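Letter by letter, the chains look like this.
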2 protein chains.
Amino acid sequence: MTVVSTWPRDFPGLGISAQRLCARITELSEGRLTTQYFAAGERVGAFDSFDEVASGNANAYIAADYYWKGKHPGFAYFTSVPLGMTTYEWNAWIKFAGGQALWDEMSGEYGLKAIACGATGTQMGGWFNKEVNSAEDLKGLKMRIPGLGGDVMAKLGASPVSLPGGQIYENLVSGAIDATEWVGPWNDYFMKFYEAAKYYYYPGWHEPATLLDNFISLKAWESLSGDLQAIIATANAYANSFVINEFNANNNSSLNTLINDHNVVLKKFPDEVLNNLGGLSGKVMGDLAAADSLSREVMTSIASFRKQSIAYAKISEQAFYNARGLPFKWVEL
Amino acid sequence: MTVVSTWPRDFPGLGISAQRLCARITELSEGRLTTQYFAAGERVGAFDSFDEVASGNANAYIAADYYWKGKHPGFAYFTSVPLGMTTYEWNAWIKFAGGQALWDEMSGEYGLKAIACGATGTQMGGWFNKEVNSAEDLKGLKMRIPGLGGDVMAKLGASPVSLPGGQIYENLVSGAIDATEWVGPWNDYFMKFYEAAKYYYYPGWHEPATLLDNFISLKAWESLSGDLQAIIATANAYANSFVINEFNANNNSSLNTLINDHNVVLKKFPDEVLNNLGGLSGKVMGDLAAADSLSREVMTSIASFRKQSIAYAKISEQAFYNARGLPFKWVEL
């Protein structure tokens, strides 16, 4: 099985997880299903991955779905939705609340089968070379921000661009872009963005949960026996849980390194900015749903599950975070 | 491979997930590793599962580790730690921050190999037949609450008991216990606790993340070839992510059913109660760490990772939850 990818070779988290997934499929199948993995640029450029598989030249790609919103606007939904849901909520929607069926329908139109293969957790808001004190400060900014987050920024008057990971640094350093978001401290540290931008903003309003995906040619998928399909599905679930744990385990120490060794200034977006972005996110979702009936169906399904997720988070994880913040003393080390 | 369990046959979430895990191992191995699964009471009683495997009578069990704190006090740590960490934080600690090595060391003393196979997410605080307006109201209460949460309740002057799932309802209805916690709305609904207790409290301070585990006899584990070990590890990761998604997808609608159809009253523990329980949790952690050197090592590792998790949650997921609560209008349905 030939697999192409949007991620650079050996890139921590994203790239290594894709490579691990391919290796695990070969291992679990005892070699009955071998995989040849090509990182971004090794066979085709990152953003040619979709066409490479849809055209039948390769059997699968590993990517983030919002890179393909030019193919179908609805693809943007499946990676992350601004001010939408957390990773657990998102995975629950995909798996048990109608997400997968809608995703299959959309990908099926291109001869593809979609499987979730990872998540980054709540991302960071991005790197800026000046402070963001109001929504006004974002106007006119040229920022690398793909997917629906980019559409929201455009509505605000910024100029969003989509660039694969391997091209962001050079554009930021040259000044071709003023700002960028990528993932979170662990991944961003390796990108050396701190050399060109000093302010690191949170939270990642645009990507509260970011889904990584593995798309397989439907023709290749349907030619596999049931147990090989089970092996692929199980290996994807394994890769999915592995990488989110890896992000969570490494983000905080990388953040400390960025702050202490590279003089990065950590800042929270002011509530006024977040509130503006939230309202515009709602408008972007509405516009997109008006584009075609399948997008509308996806939007409605997400909005409905988001509503109940908000209600439940308030009495579960969010309530726990609040309780953990009470002044009690836990244990001394 | 003979597998026993603490979960009732076909019990949603916990039980079905254990059955799914066993079936998947057989499927992925194309029958080279068959599993015979026995639910609680089918081969041995729920709380005899540990001995059944440690003695060599069965090859593996699926359970929650805090049931075995009588074997080693340190086992209590591995299921959940009061006011400790969320599911993502917990899994990151197990997988990438030293948790698994400590867990292996502790289980190795009993000839066992531990693997995480599931999680419930942040649990609910429990079912009470009177309001809890102050920490004083918990004193003297006879409550089913296993693990470290039970130890905290004991320190407060309550009488905690540990009962397997299949025995809680009858004890609550008969009045042998005054209160109980179990999991969350989806699982608790099937238990019909609402017939005997009206008040349903949140958050689950005692189990902010609850790990479900699969323990395999070390002897059986070491006799397996590398690819069969990989199949077991991958199937566990698959079961792990499957069940947490299932809980998340179902909890909110079950909560609505409990409130609307069964007149359950949803209440938040007052901050004074949570703050008291938080301080006592710290004391319980300290006491336990003083018991023996391995417990101390586990405690120190958890406390250290918890500290950085708190710092990171504040700028990532927790900050996102707060941003989502701003007054902006998202999308109309």
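The model shown is predicted, which means the values in this text are computed figures rather than measured ones.

What counts and how
- Residues numbered from 1 in each chain as written.
- Chains lettered and ligands numbered in written order.
- Predicted model: local features only at pLDDT ≥ 70, side-chain atom pairs only at ≥ 80, totals over all residues.
- Heavy atoms only, no water.
- Axes fitted to C-alpha atoms, helices over the stretch in contact; angles between N-to-C directions.
- Helix = DSSP H or I, 4+ residues; strand = E, 2+ residues; numbered from the N terminus.
- Parallel < 35°, antiparallel > 145°, perpendicular 65-115°, else oblique.
- Left-handed = near helix turned anticlockwise from the far one by under 90°.
- Contact = heavy atoms within 4.5 Å.
- Nonpolar A, V, L, I, M, F, W, Y, C, P; charged D, E, K, R; others polar.
- Domains from an automatic or database assignment.
- Buried area = accessible area lost by both parts, 1.4 Å probe.
- Least-squares fit on C-alpha atoms with pLDDT ≥ 70 in both.
- Salt bridge = Lys/Arg side-chain N within 4 Å of Asp/Glu carboxyl O.
- Polar contact = N/O pair within 3.5 Å; in protein donor to acceptor, adjacent residues only side chain to side chain.
- Phe/Tyr/Trp six-rings, centres within 6.5 Å; stacked < 30°, edge-to-face > 60°.
- Lys NZ or Arg CZ within 6 Å of the ring centre and 35° of its normal.
- Pairing = 2+ DSSP bridges.
- Buried < 20%, exposed > 50% of the residue type's maximum accessible area, 1.4 Å probe, protein only.
- Disulfide = S-S within 2.5 Å.

A. How the structure looks around the packing of helix 12 (residues 317–324) of chain A against helix 12 (residues 317–324) of chain B. The contact between helix 12 of chain A and helix 12 of chain B brings their axes to 10 Å, and the two run at 115°. Of the possible angle classes, the one that applies to helix 12 of chain A and helix 12 of chain B is roughly perpendicular. Along this stretch, helix 12 of chain A crosses helix 12 of chain B, giving a crossing that reads as left-handed. Taking contact as the criterion, the partners of A:Glu317, A:Gln318, A:Tyr321 and A:Asn322 in helix 12 of chain A are, on helix 12 of chain B, B:Glu317, B:Gln318, B:Tyr321 and B:Asn322. A per-class count over the contact of helix 12 of chain A with helix 12 of chain B returns two nonpolar, four polar and two charged.

B. Here's a closer look at the domain arrangement of chain A. Residue and element names in this part refer to chain A. You can read the domains of chain A as domain 1 (2–119 + 208–249) and domain 2 (126–207 + 251–324). Domain 1 and domain 2 are separated by 22 Å when their C-alpha centres are compared. In this complex, domain 1 contributes 40 residues to the contact, which on the side of domain 2 involves 41 residues. For the pair domain 1 and domain 2, the two sides together bury roughly 3,400 Å², of which 69% comes from carbon and sulfur.

C. Highlighting the relation of the copies chain A and chain B. With an RMSD of 0.0 Å, the operation that places chain A on chain B is a rotation of 180° combined with a shift of 0.0 Å along the axis. Viewed as a symmetry operation, the transformation between the two copies matches a two-fold axis. Ranked by how close their C-alpha atoms come to the rotation axis, the residues of chain A are headed by A:Tyr238, at 2.8 Å. Interface overlap between copies: 100% of the residues of chain A at the interface are likewise at the interface in chain B, consistent with a symmetric, same-surface contact.

D. A look at the interface of chain A and chain B. Every contact between the two is made by 85 residues of chain A and, on the other side, 85 residues of chain B. Across the chain A to chain B interface the summed buried area is about 7,500 Å²; carbon plus sulfur atoms make up 67%. In terms of surface lost to chain B, no three residues of chain A exceed A:Tyr88, A:Tyr312 and A:Trp330, which account for 12% of the buried area on that side. Here chain A and chain B share four salt bridges between them. Its salt-bridge partner being B:Arg32, residue A:Glu30 comes within 3.3 Å of it at the nearest N-O pair. Our enumeration of links across chain A and chain B arrives at 18 residue pairs in polar contact (both at pLDDT 80 or more). Among the secondary structure elements, those contributing two or more residues to the side of chain A that touches chain B are helix 1 (14–28), helix 3 (87–96), helix 9 (226–262), helix 10 (271–291), helix 11 (293–315) and helix 12 of chain A. Residue composition of the side of chain A that touches chain B, by class: 45 nonpolar, 25 polar and 15 charged.

E. Region of the structure containing the packing of aromatic side chains. Inspection of every chain in the model, using the stated rule, returns 62 aromatic pairs over all chains. Here the aromatic rings of A:Phe78 and A:Trp103 are separated by 5.4 Å at their centres, their planes lie at 10°, and the arrangement is stacked. Pair noted here: A:Phe78 is in the loop between strand 3 (60–63) and helix 3 and A:Trp103 is in helix 4 (residues 99–108), with a separation of 25 residues, a long-range link. The ring of A:Tyr238 is capped by A:Arg24, whose NZ or CZ atom sits 4.1 Å from the centre of that ring. Over the ring of B:Phe38 we find B:Arg43, and its NZ or CZ is 5.4 Å from the ring centre.

F. Spatial organisation of the sheet that holds strand 8 (residues 179–180) of chain A. Residues and elements named next belong to chain A. Taken together, the six strands give an open sheet; going across it, the order is 7-6-8-5-9-11, and neighbouring strands pair in mixed fashion. Each edge of the open sheet carries a strand with a single partner, namely strand 7 (159–161) and strand 11 (265–268). Pairing of strand 6 (residues 142–144) with strand 8, which is carried by two bridges, proceeds in the parallel orientation. Bridge pairing in strand 8 places Met143 opposite Ala179.

G. Spotlight on the pattern of salt bridges. As enumerated under the stated definition, the model contains 30 salt bridges over all chains in all. With a closest N to O distance of 3.3 Å, B:Lys267 and B:Glu131 form a salt bridge. You can see B:Lys267 sitting in strand 11 (residues 265–268) and its partner B:Glu131 sitting in the loop between strand 5 (126–128) and strand 6 (142–144), a full 136 residues away along the chain. Accessibility expressed as a relative area gives 24% for B:Lys267, which makes it partly exposed. Residue classification places B:Glu131 among the partly exposed residues on the basis of a relative accessible area of 31%. Among the charged side chains, a network of salt bridges with common partners joins A:Glu30, B:Arg32 and B:Asp227.

H. Layout of the sheet that holds strand 1 (residues 2–5) of chain A. All names here are of chain A. If you trace the five strands from one edge of the open sheet to the other, you get 2-1-3-10-4, paired in mixed fashion. Each edge of the open sheet carries a strand with a single partner, namely strand 2 (36–38) and strand 4 (112–119). In this sheet, neighbouring strand axes are inclined to one another by 20° on average, regardless of whether the strands run parallel or antiparallel. Two strands pair when backbone bridges link them, and strand 4 and strand 10 (residues 211–217) are joined in this way by seven bridges, in the antiparallel orientation. Looking at strand 10, one finds that Ile115 is bridged to Asn214. Sheet strands in contact with helix 1 are strand 1, strand 2, strand 3, strand 4 and strand 10, and its direction is about 165° off that of strand 2.

I. Highlighting the state of the cysteines. All names here are of chain A. Taken as a whole, this structure holds zero disulfides over all chains when the rule is applied. Cys117 takes part in no disulfide bond, and the closest cysteine sulfur to it belongs to Cys22, at a distance of 9.0 Å. With a relative accessible area of 5%, Cys117 lands in the buried category.

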